[in-house]
Amino acid sequence: MTTAATDRKLTMQKAIAEGIFQEMDVDPSVFVMGEDVGVYGGIFGSTEGLLAKFGPDRIIDTPISETGFIGAAVGAAINGMRPIVELMFVDFFGVCMDQIYNNMAKIHYFSGGNIKVPVVLTTAVGGGYSDAGQHSQTLWGMFAHLPGMKVVVPSSAYDAKGLMISAIRDDNPVVYMFHKGALGLGWMVNNPRATEPVPEEPYEVPIGEARIAREGTDVTVVTIGLSVHKALDAAETLESQGVSAEVLDLRSLVPLDRQAVINSVKKTQRLVVVDEDYQSFGMTGEIITTAVEGAFEYLDAPPVRVATPDVPIPYSHGLEEWTLPSTERIVAAAAGVASS
Amino acid sequence: MEIPKEHLVDMYETMVKIRRFEERIREMYFADKLPAFDIAAGLIPGEMHLAAGQEPVAVGMRPHLQPGDAITATHRPHHVAIAQGVDLNKMAAEIFGRETGLGRGKGGHMHLFSVEPNFGCSGIIGEGMPVAVGAALAFRFKGTDNIALSYFGEGAANQGAFHESINLAALWKLPVVFVCEDNAYAISVPKAASTAIPDNSDRASAYGIPGVLVSENDPVAVYEVMGAAMDRARRGDGPSLIEIKTDRLWGHFEGDADAYRDDEFKEEMNQRDPLVVFGQRLADEGILSADEQTAIQEAQHAIVEEALEFALASPYPKPEAALDHVFA
């Protein structure tokens, strides 16, 4: 989709809220439910300004009853609404996962396609600010593993708005994950790329298409979420070392743009996968398998992964920093692959 | 309360249809699983939870239903689905795993979904309760006077979903009627061993809504109580919690040895078979003679046979159709 050029810059947080605002303005079936989505505007600002415009009937603060209100979103969606429902932190999935993966994700299939469940489940993911192991996970690999839900993870303001609008208009359940560190919140350290030009008019970014965030020729770095920015930072360092890194932002895990991975690997012939999620049984393994299945003969070196080791996210600053993928680890991995 | 004759007849007809359907499913379930029981074998593979004996909880609400009302039911869903008027042919076809089934063979008997009438069920205890709340919320958004009925067993009343759903519905004053089918056993565990109070209807006071106990497995008693609760919801006065004492005449699932219920219990239970009791009452009160009941039975049995024939004549889905319908 083409959009008019704009100089107006937004943070990812404001872009998300704007996307919801614009869809609610034109579609009366869209409403928002969740904890602190009303007067607070969402703990991470995803619903900022919506209550004042749409009122408490459409911006509904809920009790702390995730099973109840996520299940209610499923029921409302079956009956003609397009609910946006917020799970404050993805880590809280444990109290409501039955409604998400046994119900929301399966009803369309069980009904043989007769019943659509257009829910957008928004949720905050990611660490890097010492919130410890129950508020810092990404867990997108787990959601992507379970059939029946699209899984979207924007890394930029432009994509955040366009993917939100696409998610709301999608007839399927979409899990929309926003990384706290990429939102541009005033109270959290931010990547300088957190603010970028965002068109004022509504637009869609298609779900399931990866984006080449930086072109390169020597090594492909595939990643998602906040790690896209770390990979772009790493690419600048690598360039000064004479290594040209291509950074591929997957933007969604379901559907997964496998062809984009294969195309880039065919071009650079080397692959690093960066994932803030746990290393084993997750995205890194899936991406490397995709490359091996689709571009085996092009690979000049074994792929390398930079992920969170299989430990709960620790609290203490040094422990956490060592655990999560860092720009330094990406530089080292990409330089190593490029020289092998 | 004076109940119109046509409602009494309708409830009896529907009870007969439900019972016959469950009996025939049971026969066909076991027919090709002998001599050694193999749960995966036969025309109807998998678990089968039948509702013989629980007909009153389903038919009592039927005369009060309006088009568009939503129902969420349980892993034991047939009686409620039939009472709401879910297409019996497609329902039977789904149970037999056929392409013509409600879900093209992807859901099976615990996952029956229908658009019109508005029906769904679930194999997870308590899972349908929040869904009913959401349906009611959608009705409010759309400005209709439709209501949602949430069926669940007494075992589900100890799930978090029970508390969360009723609190939400009461807080938002939504048009939901929560219907607890108390058949006294959660598989093998008797209610007294799982639940801190005798009657779940008393739990309504925790949410500030009416709670009503129907202590007899009687369609007329259910009719009266459900009528009042459904009217209340429909006129915008909020949810109710109804508990109905009922009987699961057979095991939890077919093949269940049912050794946890003693012979005396089962004997008493069979003595109060609600279909027999209701038929006798209708005869005694001169509403339906024995001959008229026989005619109803023949007509309803024929409808059931037609559904089974439709199912058996329907093709199986192509195996690779397993890949379809994950996404819209």
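Bear in mind the structure is a predicted one, so any value in this text is a computation, not a measurement. (Residues numbered from 1 in each chain as written. Chains lettered and ligands numbered in written order. Predicted model: local features only at pLDDT ≥ 70, side-chain atom pairs only at ≥ 80, totals over all residues. Heavy atoms only, no water.)

### Overview of empty space enclosed by the protein
What counts, and what does not: The rule is simple: put a 1 Å grid over the protein atoms alone, call a set of points where a 1.4 Å probe fits but cannot get out a cavity, call an open set with protein on both sides within 12 Å along at least five of seven lines a pocket, and count a residue as lining if it has an atom within 4 Å of a point. Grid points are joined across faces, edges and corners, and a volume is the space filled by probe spheres set on the points. In DSSP terms, a helix is any run of H or I states spanning at least four residues, a strand is any run of E spanning at least two, and both are numbered starting from the N terminus.
If you walk through the whole model with that rule in mind, you get two cavities of 30 Å³ or more. Space inside the largest cavity adds up to approximately 160 Å³. Forming the boundary of the largest cavity are 18 residues, of which A:I78, B:T72, B:F113, B:G120 and B:V131 lie nearest the centre. Those elements giving two or more residues to the lining of the largest cavity turn out to be β1 (70-73), β2 (118-121) and α5 (128-142) of chain B.

### Section: the side chain of A:R251
Residue and element names in this part refer to chain A. To keep things clear, this is the line we draw: Buried means the residue's accessible area, taken with a 1.4 Å probe over protein chains only, is under 20% of the maximum for its type, while exposed means over 50%, and partly exposed covers the values in between. Pairs of N or O atoms within 3.5 Å make up the polar contacts considered here, provided that, within protein, one atom can donate a hydrogen while the other can accept it, and that residues adjacent in sequence are counted only when both atoms are side-chain atoms. The criterion used for residue contact is that any of the two residues' heavy atoms lie within 4.5 Å.
If you trace the backbone, R251 turns up in the loop between β11 (245-249) and β12 (252-254). Classification of R251 as buried rests on a relative accessible area of 9%. A polar contact of 2.9 Å, which involves the side chain of R251, links it to the backbone oxygen of E209. Setting aside its immediate chain neighbours within four residues, R251 contacts V152, V153, P154, D159, L163, V205, E209, A210, R211 and I224.

### Here's the deal with the layout of surface pockets
Quick note on the threshold: Here the nonpolar group is Ala, Val, Leu, Ile, Met, Phe, Trp, Tyr, Cys and Pro; Asp, Glu, Lys and Arg are the charged ones; every other residue, Gly included, is treated as polar.
When its volume is computed, the largest pocket comes out at roughly 560 Å³. Of all elements in the fold, only α8 (227-240), α11 (317-323) and α12 (327-339) of chain A reach the threshold of two or more residues within the lining of the largest pocket. Residues that form the lining of the largest pocket fall into these classes: eight nonpolar, 10 polar and six charged. Roughly 420 Å³ of internal volume is contained in the second largest pocket. Along the wall of the second largest pocket there are 29 residues; nearest its centre are B:T74, B:H75, B:I125, B:G153 and B:H252. Those elements that provide at least two residues to the lining of the second largest pocket are α5, β3 (148-153) and β5 (185-186) of chain B. A per-element tally of the lining of the second largest pocket places β3(B) first, with three residues. Taken together, the residues of the lining of the second largest pocket break down into 11 nonpolar, 12 polar and six charged.

### Re the packing of aromatic side chains
Going by this rule: We call Phe, Tyr and Trp rings a pair once their centres come within 6.5 Å, taking the six-membered ring for Trp, and we label the pair stacked below 30 degrees between planes, edge-to-face above 60, and tilted otherwise. Sitting over a ring, as applied to charges here, requires NZ of Lys or CZ of Arg to be within 6 Å of the ring centre and within 35 degrees of the ring normal.
This structure, assessed with the given rule, holds 16 aromatic pairs over all chains. A ring pair is formed by A:F31 and B:F141, whose centres lie 4.5 Å apart and whose planes are at 40 degrees; its orientation type is tilted. Taken as a pair, A:F31 in strand β2 (residues 30-34) and B:F141 in helix α5 lie in two separate chains rather than in one. Here the aromatic rings of A:F89 and A:F92 are separated by 5.2 Å at their centres, their planes lie at 45 degrees, and the arrangement is tilted. Connected via pairs of aromatic rings, a cluster forms that spans A:F44, A:F89, A:F92, A:F178 and A:W187. The residue whose ring lies beneath B:R98 is B:Y316, and the NZ or CZ to ring-centre distance is 4.0 Å. If you follow B:R261 out to its NZ or CZ, it ends over the ring of B:Y185, 5.9 Å from the centre.

### Looking at the interface of chain B and chain A
Operational definition: Here the quantity called buried area is the accessible surface, traced with a 1.4 Å probe, that two parts lose on coming together, added over both. Think of a salt bridge as a Lys or Arg side-chain nitrogen and an Asp or Glu carboxyl oxygen that are within 4 Å of each other.
If you look at the interface, chain B gives 34 residues, while chain A gives 43 residues. Between chain B and chain A the total buried area reaches about 3,000 Å² when both faces are included, carbon and sulfur atoms providing 67% of it. Looking at the side of chain B facing chain A, the largest losses of area belong to B:F113, B:F141 and B:F327, adding up to 20% of the total buried there. On the surface where chain B and chain A come into contact, there are zero salt bridges. At the boundary of chain B and chain A, one finds 13 residue pairs in polar contact (both at pLDDT 80 or more). Sorting the residues of the side of chain B that touches chain A by element identifies α5 and α6 (160-171) of chain B as the ones contributing at least two each. Considering every element that reaches the side of chain B that touches chain A, the biggest residue donor is α5(B), with 10 residues.

### A word on the pattern of salt bridges
By the definition in use, this model includes 36 salt bridges over all chains. Across the pair A:E18 and A:K161 runs a salt bridge, and its minimum N-O distance is 2.7 Å. One end of the pair, A:E18, is in helix α1 (residues 12-26); the other, A:K161, is in helix α7 (residues 157-169), with 143 residues separating them in the sequence. There is no split in this pair, since A:E18 and A:K161 are both buried. The shortest N-O distance in the salt bridge between B:K191 and B:D182 comes to 2.9 Å. In terms of burial, B:K191 and B:D182 fall into one category: buried.

### Considerations on a negative patch on the surface
Condition: Exposure above 30% relative accessible area and the lack of any salt bridge qualify a residue for a patch; like charges then connect within 9 Å, and the nonpolar side chains Val, Leu, Ile, Met, Phe, Trp and Tyr within 5 Å. Accessible surface is estimated by sampling points in the Shrake-Rupley manner with a 1.4 Å probe; for residues, cover comes only from the protein chains shown. All tallies of charge rest on Lys and Arg as positive and Asp and Glu as negative; His and the ends of each chain are not included. A charge is said to be at NZ when it belongs to Lys, at CZ for Arg, at CG for Asp and at CD for Glu.
The grouping of B:D262, B:D263, B:E264, B:E267 and B:E268 at the surface amounts to a negative patch. In this fold, B:D263 is placed in helix α8 (residues 263-271).

### Some remarks on α7(A)
Stated precisely, the cut-off is as follows: By definition here, a helix of n residues has an expected span of 1.5 Å times n minus one.
With 13 residues, α7(A) ought to run about 18 Å at 1.5 Å a step, and its terminal C-alpha atoms sit 19 Å apart, in line with that. Among the 13 residues in α7(A), 11 count as buried, and that is most of the element.

### Notes on the nonpolar core
The nonpolar side chains of a soluble globular protein tend to be buried with one another. Operational definition: In this text, buried Ala, Val, Leu, Ile, Met, Phe, Trp, Tyr and Cys residues form a nonpolar core when linked through side-chain atoms within 4.5 Å. Domain start and stop positions are those given by an automatic or database domain assignment.
In terms of nonpolar packing, the biggest core is built from 84 residues, with A:M33, A:I100, A:F143 and A:L250 touching the most fellow members. Considering each element in turn, this core owes the most residues, nine residues, to α5(B). Of the residues that make up this core, three or more belong to each of domain 1 (9-197) and domain 2 (211-339) of chain A. Within the second largest apolar cluster, 68 residues are counted, among which are B:V80, B:V220, B:V225 and B:L275.

### Details of the pairing of strand β7 (residues 174-179) of chain A
Residue and element names in this part refer to chain A. We apply this condition: The pairing criterion for strands is at least two bridges between them, as found by DSSP.
With six of six residues buried, β7 lies mostly within the body of the structure. Of the two faces of β7, both are covered, the one formed by V174, Y176 and F178 as well as the one formed by V175, M177 and H179. Pairing geometry for strand β5 (residues 120-125) and β7, over six bridges, is parallel. From the neighbouring strand, T122 faces β7, where its bridge partner is Y176. Bridging between strand β6 (residues 150-152) and β7 involves three bridges; their strand directions are parallel. Paired with K150 across the bridge in β7 is V174.

### Topic: the domain arrangement of chain A
Residue and element names in this part refer to chain A. Examined at the domain level, chain A breaks down into domain 1 (9-197) and domain 2 (211-339). Taking only C-alpha atoms, the centre of domain 1 and the centre of domain 2 are 26 Å apart. Contact residues are listed per partner, giving 30 residues for domain 1 and 27 residues for domain 2. Between the two partners, domain 1 and domain 2, sit four salt bridges. The partner of D159 in a salt bridge is R251, and the shortest N-O contact between them spans 2.9 Å. Between domain 1 and domain 2 we count 22 residue pairs in polar contact (both at pLDDT 80 or more) in total.

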